[in-house]
2 protein chains.
Amino acid sequence: MRPTFPPTKFQSFNEISDPDLIKPRVKKLRSLMKDNKLDAWLAPHSDVHRSESLPKNQRRLAHITGFTGSAGSAIIETNNAALFVDGRYTMQAPLQTDTNIFDVLETPNEKPGTWAKNNLATKARLKTRIGFDPWLHTIAEIRTFNLQLENHGVLVATENLIEKIWDDRPPPPFKNIELLDIERAGIAAEDKILAIQNQLEDKNAKALVLNMPESICWLLNIRGRDVPNTPVVLAFAIVHRTKKPELFVDLKKINPEQNQLLSATVTLRKVEEFSATLKQLAKDKARIWVDPTTCPDAIFKLLSEKGGSVFEAPDPVMVAKAIKNPTEVAGMKQAHLLDGIAMANFLHWFDQNAPSGKLSEIEIASQLENFRASEPSLVDISFDTISGSGPNGAIVHYRVNEQSNRMLNSGELMLVDSGGQYLSGTTDITRTLFTGSASARQKQHFTLVLKGMIAISTLNFPKGTTGSQIDIMARHALWQKGLNYNHGTGHGVGAFLSVHETPAGIAPRYNVPLKAGMIISNEPGYYLEGAYGIRIENLVHVINSAQYEGFLAFETLTLAPIDTSLLDLGLLTSKEINWLNKYHSLVREKISPHLEHDQKSWLHRATTAI
Amino acid sequence: MRPTFPPTKFQSFNEISDPDLIKPRVKKLRSLMKDNKLDAWLAPHSDVHRSESLPKNQRRLAHITGFTGSAGSAIIETNNAALFVDGRYTMQAPLQTDTNIFDVLETPNEKPGTWAKNNLATKARLKTRIGFDPWLHTIAEIRTFNLQLENHGVLVATENLIEKIWDDRPPPPFKNIELLDIERAGIAAEDKILAIQNQLEDKNAKALVLNMPESICWLLNIRGRDVPNTPVVLAFAIVHRTKKPELFVDLKKINPEQNQLLSATVTLRKVEEFSATLKQLAKDKARIWVDPTTCPDAIFKLLSEKGGSVFEAPDPVMVAKAIKNPTEVAGMKQAHLLDGIAMANFLHWFDQNAPSGKLSEIEIASQLENFRASEPSLVDISFDTISGSGPNGAIVHYRVNEQSNRMLNSGELMLVDSGGQYLSGTTDITRTLFTGSASARQKQHFTLVLKGMIAISTLNFPKGTTGSQIDIMARHALWQKGLNYNHGTGHGVGAFLSVHETPAGIAPRYNVPLKAGMIISNEPGYYLEGAYGIRIENLVHVINSAQYEGFLAFETLTLAPIDTSLLDLGLLTSKEINWLNKYHSLVREKISPHLEHDQKSWLHRATTAI
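Residues numbered from 1 in each chain as written. Chains lettered and ligands numbered in written order. Predicted model: local features only at pLDDT ≥ 70, side-chain atom pairs only at ≥ 80, totals over all residues. Heavy atoms only, no water.

S.K.: Lay out the packing of aromatic side chains with the relevant residues and their values.
M.R.: Counting across every chain of the model gives 22 aromatic pairs over all chains. Seen from their ring centres, phenylalanine 346 of chain A and tryptophan 349 of chain A are 6.0 Å apart, and the 25° between their planes marks the pair as stacked. Note that phenylalanine 346 of chain A and tryptophan 349 of chain A are positioned in helix H14 (residues 326–353) at a spacing of three residues, about one turn of the helix. Here phenylalanine 346 of chain A and tryptophan 349 of chain A have matching classes, each one buried. Ring geometry for tryptophan 579 of chain B against tyrosine 583 of chain B: centres 5.1 Å apart, planes inclined by 5°, an arrangement best described as stacked. Of the two residues, tryptophan 579 of chain B and tyrosine 583 of chain B both sit in helix H19 (residues 574–591), four residues apart, roughly one turn of that helix. (Phe/Tyr/Trp six-rings, centres within 6.5 Å; stacked < 30°, edge-to-face > 60°. Helix = DSSP H or I, 4+ residues; strand = E, 2+ residues; numbered from the N terminus. Buried < 20%, exposed > 50% of the residue type's maximum accessible area, 1.4 Å probe, protein only.)

Quick look at the structure:
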């Protein structure tokens, strides 16, 4: 029986794709490649703004391959073609694409540049021409590709060939922008700009070029609704050392009143003027700051080909944005209160309905979205919900669709990772749900994961400590039983911005010191292939230690009960039990006043001290 | 009363230096600088082989500044001069040098290149000439210096000016070499060489140039007695991809029988032929492998100026050497048995004599050396003993001399960090000793340090884990009380080689995965300035976990009791107490059969279960 589920506004579970459309499109592309004397064409899943969720008009990879996943790339050669996807999409991709045309290959074992090298090796070295759109690849990506290619071909930047064969291409997103006043932003745009201009002075750079909407929106205290999940306006900006920043944007998204307010801080420019401005900027050997990990290769070329010297360093706005100001922290706390209310209502609903055995992964995700959406200040969900029952929970980035949708049986664990974009802030929470009677093994694994989560929550650490250093604290209890999980422990989270933010986080790759004001996730897990996945995630806020001079600690922002029926109490120390009881008591105190009678009673039970 | 102490063979506690000698020497040097049109001269504490303990003829920094510490550098400018030392030498250096000539500056806050930039800034940029001996600085050091200099001068490689003014310069060390047979080395030199040649093949390099005696001695299964503390022969080597390696060495150190045996594996060459051979090697654009962190700038210049392409990567011999083979592990265990016997006799002597209040730091270090030296296979100590009573223990790398020597009072902690070079292997151990009645604070700090040491000792970790990841486990107990220590948790240790070895270790800078066979130290500490220092150090051996597939663990090699009278038992978990009791029971079982009656009784008491 195909399950039914309530309608949802922000996510769909039906990824429509017709493999039969692929063959004629690839044929057209190959014909265009021939016209352009190209032996291959690169098709990444990306836009010029590195959007995590692509607007419809930017889904070029889906257009040419049929594959609709959230990451991947393709190389179309004259005779061969390969679609590169990571482990979470190795099932989905072959169903969506035409496998007579595309070999589906799994990254990171298969590397696009290496594949190109091997498949193009028949032709003379350096004579093979690989076409690409330089706006869709970062400087760093092009360097990596070239390293992998080892001179078995040259990359040739051209106009985008897929756009030329895309007849029914949707229009770009068009939504009005939103201005944040000082009560919401905490710091005036003028002051943020001045701090960046001081850094330009320090580095002897004339200007900073920004293509990441998160950076631009944070710097200028604006937001937008152009893309799913992240409340940004798509735009470029140039921050000049000695004059007002220029914002390049579709000016029709700005009403006259906004235009007047914004113009006090920035010079508004049409987006069409961006390239010409870059060329002009780079004259006279000017030194221009870009972040090579996010800046498109096209910008690098425009700057350097006109004699500018490109200064490569991490985007200073990203670095500043990672440290939330007190107003942003207060907003994030308000968002977590609203999210906690939605979670309590959802978890109560789950406990009422799960024993029936009639809930599906989609119904669970849909109900959760609707509990969130009952809050008027919810603008969007912060990412598509991961809703994995039983063995699907063991697929770390599982995304349910109508084909994979599974009913939750008694005795099965259910992993739900979700979040909301409220006007006040962004949330991201994972809870592992359960119905029935848990096995000793399920309890052991759940408790070991919780021990890791508590170890981070209760950690004191000296200033200067990086996220890479503390990652092991979340793994130690698992490691001592020979277990581990194959993902980072935490990522940075924006304040009413992207739910995944650099440069702060908890994993070996995060090498910047943690600082008071940063907000990151704390989400250890354990995945037993073919059986279940467990993850417990709270967001935490880095604070100065109240006890110890020179030390930092974490304040937990997320407010939702953790299922105590899944605990093996014998594995917990008294300190860990104390932490859990104090946490549950805080959840009850904060959330309880906002619940109806039944939900309130449920929350009291769910947060009873153990 | 000046204390007396027994004579020692391997270390002296009297660093003689006459500041009055410095003025005429610097005058001579400045005159030579003028002849060479140099505005400054760089004088590092180093030799071409990066020896940790310099032979007497290599102590150029001591000759020109009077400073005899184990690390530092000087810049002598026409009018100014600076002596750069780290925190442990800021007291000693001003007493040894002429402070009218040298400003003593503390690294790493003061950077030589930055000082040069600021002090040479009066002259026109790029016209200031800074002379240096390119054999005494690594490729990486010269790059760092140039970065700091920011073009306020140019480095000019010349012959060594200090050697030219050094009238009574001692001769180079001269000791016969020692060949290790397969029973001691475990792997034949031929096989080690073949493995390196395979890597040369992989990297498409023609040859590998080695200047580190540890690498050369390990690769060729030879040892020597040229320098204090590390049993190596000073030499260079070139490992060729397609022919026998060349060893450049003072051939008089090799007797005819050794010459014949060695010649089966290597081509023996006079050390004077090294430079000419490098030039020859680099012809025809050959690609030559060097490690920029250890290779002298002079070698880089000889290779690259003649058209060779320098391939920079970590020394592959260092990497191979870090993983001890079963024979080496067995040797290290034997060395730790011998060292454990010496330590038991020493600790017994300490317990008998410390209550008198008449022991000095030097007497304690001397007695320990003599207990070690009673073992005939002891070749040397592995480094000068750190023997710090009370507040001197808080100086992390404290080195006692006759001026600083202090009597140990009742109630004071005593930090003793020492080690031996036995024919079978190398040891490094720290114990914190005590006499009298310990305060609650002393016990708390000692116990927190021990908790960190046990956390490393008992850790399971998946293959692929780096030393940087696990460092925090040794700090966690201290961090939770707002305490920390300002050094790494562990370093690699050679097998009858250097006591400090890269690339394995436990600290944020160690980014290579730990592998079965590596031997590293485990030495957390805590230092209360002006009061005491605590450190507890065992060596540990990385082994495959007996319990968990894909996991690694540590086996402890060091065999010496830890003072249980310093424990606050309330701070230890039952697992930690179990570990300590099992460890002490192992120490008793292994060491007890080798002790006299009184010492045996003492060891039984010292290792009684708590």
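Back to the write-up after that little detour.
S.K.: Tell me about the interface of chain A and chain B, and please be specific about residues and values.
M.R.: Opposite the 21 residues of chain A that make contact, chain B presents 21 residues. Buried area between chain A and chain B, summed over both chains or domains, comes out near 1,800 Å², and the portion from carbon and sulfur atoms is 62%. A per-residue breakdown of the area chain A buries against chain B is headed by Gln469, Trp479 and Gln480 of chain A, which together make up 31% of the total. Our enumeration of links across chain A and chain B arrives at zero salt bridges. Put simply, chain A and chain B have six residue pairs in polar contact (both at pLDDT 80 or more) between them. Looking at which element gives the most residues to the side of chain A that touches chain B, the answer is strand E21 (residues 460–462) of chain A, with three residues. Grouping the amino acids of the side of chain A that touches chain B by side-chain chemistry returns 11 nonpolar, eight polar and two charged. (Contact = heavy atoms within 4.5 Å. Buried area = accessible area lost by both parts, 1.4 Å probe. Salt bridge = Lys/Arg side-chain N within 4 Å of Asp/Glu carboxyl O. Polar contact = N/O pair within 3.5 Å; in protein donor to acceptor, adjacent residues only side chain to side chain. Nonpolar A, V, L, I, M, F, W, Y, C, P; charged D, E, K, R; others polar.)

S.K.: Explain unusual backbone geometry residue by residue, including any values.
M.R.: At the junction of threonine 107 of chain A and proline 108 of chain A, the peptide bond is cis and its omega measures out at 0° in the coordinates. Checked against the element boundaries, proline 108 of chain A lands in the loop between strand E4 (103–106) and helix H4 (112–119). Positioned with a positive phi, arginine 50 of chain A is a non-glycine residue whose angle comes to about 55°. In this structure, lysine 285 of chain B takes a positive phi of about 55° despite not being glycine.

S.K.: Tell me about the environment of histidine 491 of chain A, and please be specific about residues and values.
M.R.: Residues and elements named next belong to chain A. Locating histidine 491 in the fold gives a position in strand E22 (residues 490–492). Residue histidine 491 is classed as buried on the basis of its relative accessible area of 11%. C-alpha separation for the pair histidine 491 and glutamate 501, spaced 10 residues apart in sequence, amounts to 6.7 Å. Residues within four places of histidine 491 in sequence aside, it is in contact with Asp428, Val499, His500, Ala504, Gly505, Tyr510, Ile519, Ile520, Ser521, Glu523 and Glu537.

S.K.: So what's going on with the side chain of aspartate 297 of chain A? Which residues, and what values?
M.R.: Following the sequence through the fold, aspartate 297 of chain A ends up in helix H12 (residues 297–305). Those residues in contact with aspartate 297 of chain A that lie beyond four places of it in its chain are Phe132, Pro134, His137, Thr138, Ile139 and Ile142 of chain A.

S.K.: For the sheet that holds strand E3 (residues 81–85) of chain B, give the residues involved together with the corresponding values.
M.R.: Residue and element names in this part refer to chain B. The strand order E4-E3-E2-E1-E5-E6 describes an open sheet built from six strands, whose pairing is mixed. Edge positions in the sheet fall to strand E4 (103–106) and strand E6 (154–157), since each has one partner strand and no second. On average, adjacent strands in this sheet sit at an angle of 25° to one another, irrespective of strand direction. Across four bridges, strand E2 (residues 73–77) lies against E3 in antiparallel orientation. (Pairing = 2+ DSSP bridges. Axes fitted to C-alpha atoms, helices over the stretch in contact; angles between N-to-C directions.)

S.K.: Help me get a handle on helix H20 (residues 597–606) of chain B, residues and values and all.
M.R.: All names here are of chain B. Within the sequence span of H20, burial applies to Gln599, Trp602, Leu603 and Ala606. Angularly, the buried residues of H20 cover 100° about the axis, an arc narrow enough to put them on a single face. Facing away from the buried surface of H20 by more than 90 degrees, the exposed residues are His597 and Arg605. Contacts made by the buried residues of H20 are with helix H14 (326–353) and H19. (Arc of directions from axis to C-beta.)

S.K.: Outline the relation of the copies chain A and chain B, supporting the account with residue identities and numerical values.
M.R.: Least-squares fitting of chain A to chain B yields an RMSD of 0.1 Å, with the superposition described by an axial translation of 0.2 Å and a rotation of 180°. Between the two chains, the operation in question is that of a two-fold axis. Minimal C-alpha distance to the rotation axis in chain A is attained by glutamine 469 of chain A, lying at 2.9 Å. Of the interface residues in chain A, 100% have counterparts in chain B that sit at the interface too, so the contact is made through matching surfaces. (Least-squares fit on C-alpha atoms with pLDDT ≥ 70 in both.)

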